[in-house]
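This is what each chain is made of:
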Amino acid sequence: EIDSNNQDSKPTADTFFIDQLEFNIKAQFNEKNHRSRSVTDIELNWDILLKALNFPNDSNDEMGFMAMNIANRNKPIADLLRASEDFLNLLAQDGVYLDDLNFDQPSVEAWRNFSSIDRSMPGKKLQCIGIERHIDMLRMRIKSDTIFRDCALILIRRFDKLLKEKLSAATDQQVFTISSTRTGKAFLIIGEISGVF
């Protein structure tokens, strides 16, 4: 937003989620980006990655926006975050807001089994527990809404690639935290409604 003096207007927490229907991360990211431009050549480690995968919590989440700034310098991660934001906005159209859902976090073993090359090996499997009241509606939408389905497939493919490339370098605690991020939750929802798990 530009005020009458042609200055950048600072967004408030109330405007961060527009009626909870749109993340609008891009606008908020551009607003905050100038504060973290001096951060250069920082490795995209798991702690930064997890913050970026969760998106900033509100307009005052400086660490969240800094993590987004760093993560967006990596094109595959930037593409993943864009797909995640798109899918979360589509979920919001149906009144599904991840912060309102209580997810049962999958075990570390389930995440590592999923990212392994041989998924036929016995062991714990990924599952999404916590969206039962939305599951039928979302399964119907992924079958009937091509935009929703395409967005879901793009997100799950990019997230799967991230897991295969980076999960082996993560600690058990970092792996466990994946499913508490908004992108991780979105991935679990897609896996459940599309029958991947």
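Scoring rules and cut-offs
Residues numbered from 1 in each chain as written. Predicted model: local features only at pLDDT ≥ 70, side-chain atom pairs only at ≥ 80, totals over all residues. Heavy atoms only, no water. Helix = DSSP H or I, 4+ residues; strand = E, 2+ residues; numbered from the N terminus. Buried < 20%, exposed > 50% of the residue type's maximum accessible area, 1.4 Å probe, protein only. Contact = heavy atoms within 4.5 Å. Areas by Shrake-Rupley, 256 points an atom, 1.4 Å probe, with all protein chains shown as cover. pLDDT = per-residue confidence, 0-100. Core = buried A, V, L, I, M, F, W, Y, C linked by side-chain atoms within 4.5 Å. Phe/Tyr/Trp six-rings, centres within 6.5 Å; stacked < 30°, edge-to-face > 60°. Salt bridge = Lys/Arg side-chain N within 4 Å of Asp/Glu carboxyl O. Arc of directions from axis to C-beta.

## Here's the deal with the overall build of the protein
For step 1, the next point in the chain: Of regular secondary structure, the protein possesses 10 helices and 0 strands.
For step 2, the next point in the chain: Listed by position from the N terminus, the elements making up the protein come as α-α-α-α-α-α-α-α-α-α.
For step 3, the next point in the chain: Out of the 197 residues in the protein, the part that is buried amounts to 46%.
For step 4, the next point in the chain: Intrachain contacts of the protein at a sequence separation of at least 6 include 74% that bridge at least 24 residues.
For step 5, the next point in the chain: Working note: accessible area of the protein is about 10700 Å², and carbon and sulfur atoms make up 49% of it.

## Comments concerning the confidence of the model for the protein
In low-pLDDT segments, the atomic positions of the prediction should not be examined closely.
For step 1, the next point in the chain: Within the protein, residue pLDDT values average 79, and 75% of them lie at 70 or more.
For step 2, the next point in the chain: Across residues 1-22, confidence stays below pLDDT 50; counting only partners more than four residues off in sequence or on other chains, it has 40 contacts.
For step 3, the next point in the chain: Note on residues 25-42: pLDDT is under 50 here. Beyond four places in sequence and across chains, it has 38 contacts.

## As for the nonpolar core
For step 1, the next point in the chain: Residues Phe87, Leu91, Trp111, Phe159, Phe187 and Ile189 are the most contacted members of the largest nonpolar core, which totals 52 residues.
For step 2, the next point in the chain: Broken down by secondary-structure element, the contributors of at least two residues to this core are α3 (46-54), α4 (62-71), α5 (75-93), α6 (108-115), α7 (135-144), α8 (146-166) and α10 (182-194).
For step 3, the next point in the chain: If sequence neighbours within four positions are ignored, Phe87 has contacts with Phe148, Cys151, Ala152, Leu155, Ala186, Ile189 and Ile190.

## Some thoughts on the packing of aromatic side chains
Geometry of an aromatic ring pair is reported as the spacing of the ring centres plus the angle between the planes.
For step 1, the next point in the chain: Taken as a whole and assessed by the stated rule, the structure comprises 7 aromatic pairs.
For step 2, the next point in the chain: Among the aromatic side chains, those forming a connected cluster through ring pairs are Trp111, Phe114, Phe159, Phe187 and Phe197.

## Digging into the pattern of salt bridges
For step 1, the next point in the chain: If you walk through the whole model with that rule in mind, you get 9 salt bridges.
For step 2, the next point in the chain: Between Arg82 and Asp79 there is a salt bridge, with its nearest N and O atoms 2.4 Å apart. Placement of both Arg82 and Asp79 in helix α5 is noted, with a separation of 3 residues, approximately one turn of the helix.
For step 3, the next point in the chain: We classify Arg82 as partly exposed; its relative accessible area is 43%.
For step 4, the next point in the chain: For Asp79, a relative accessible area of 13% corresponds to the buried category.
For step 5, the next point in the chain: For Arg182, the salt bridge goes to Asp99, with nearest N and O atoms at 3.0 Å. One end of the pair, Arg182, is in helix α10; the other, Asp99, is in the loop between α5 and α6, and 83 residues separate them in sequence.
For step 6, the next point in the chain: Among the residues examined, Asp99 registers a relative accessible area of 52% and is labelled exposed.
For step 7, the next point in the chain: One continuous salt-bridge network, built from bridges that share partners, spans Lys75, Asp79 and Arg82.

## Digging into unusual backbone geometry
Across the chain, the bulk of peptide bonds are trans and the bulk of non-glycine residues have phi less than zero.
For step 1, the next point in the chain: Non-glycine residue Phe55 carries a positive phi angle of around 65 degrees.
For step 2, the next point in the chain: Along the chain, the position of Phe55 falls in the loop between α3 and α4.
For step 3, the next point in the chain: For Phe55, a relative accessible area of 1% puts it in the buried group.

## Details of the environment of Met140
For step 1, the next point in the chain: Within the secondary structure, Met140 sits in helix α7.
For step 2, the next point in the chain: For the pair Met140 and Ile193, spaced 53 residues apart in sequence, the C-alpha to C-alpha distance is 8.7 Å.

## Things to note about α7
Residues spaced three or four apart along an α-helix point in a common direction, a consequence of the helix completing one turn every 3.6 residues.
For step 1, the next point in the chain: Of all the residues in α7, the buried ones are Ile135, Leu138, Arg141 and Ile142. Take α7 and look down its axis: the buried residues cluster within an arc of 130 degrees, on one side only. Structural note: α7 exposes Asp136, Met140, Lys143 and Ser144 on the side pointing more than 90 degrees away from its buried face.
For step 2, the next point in the chain: Tucked into the core, α7 has its buried residues touching α5, α8 and α10.

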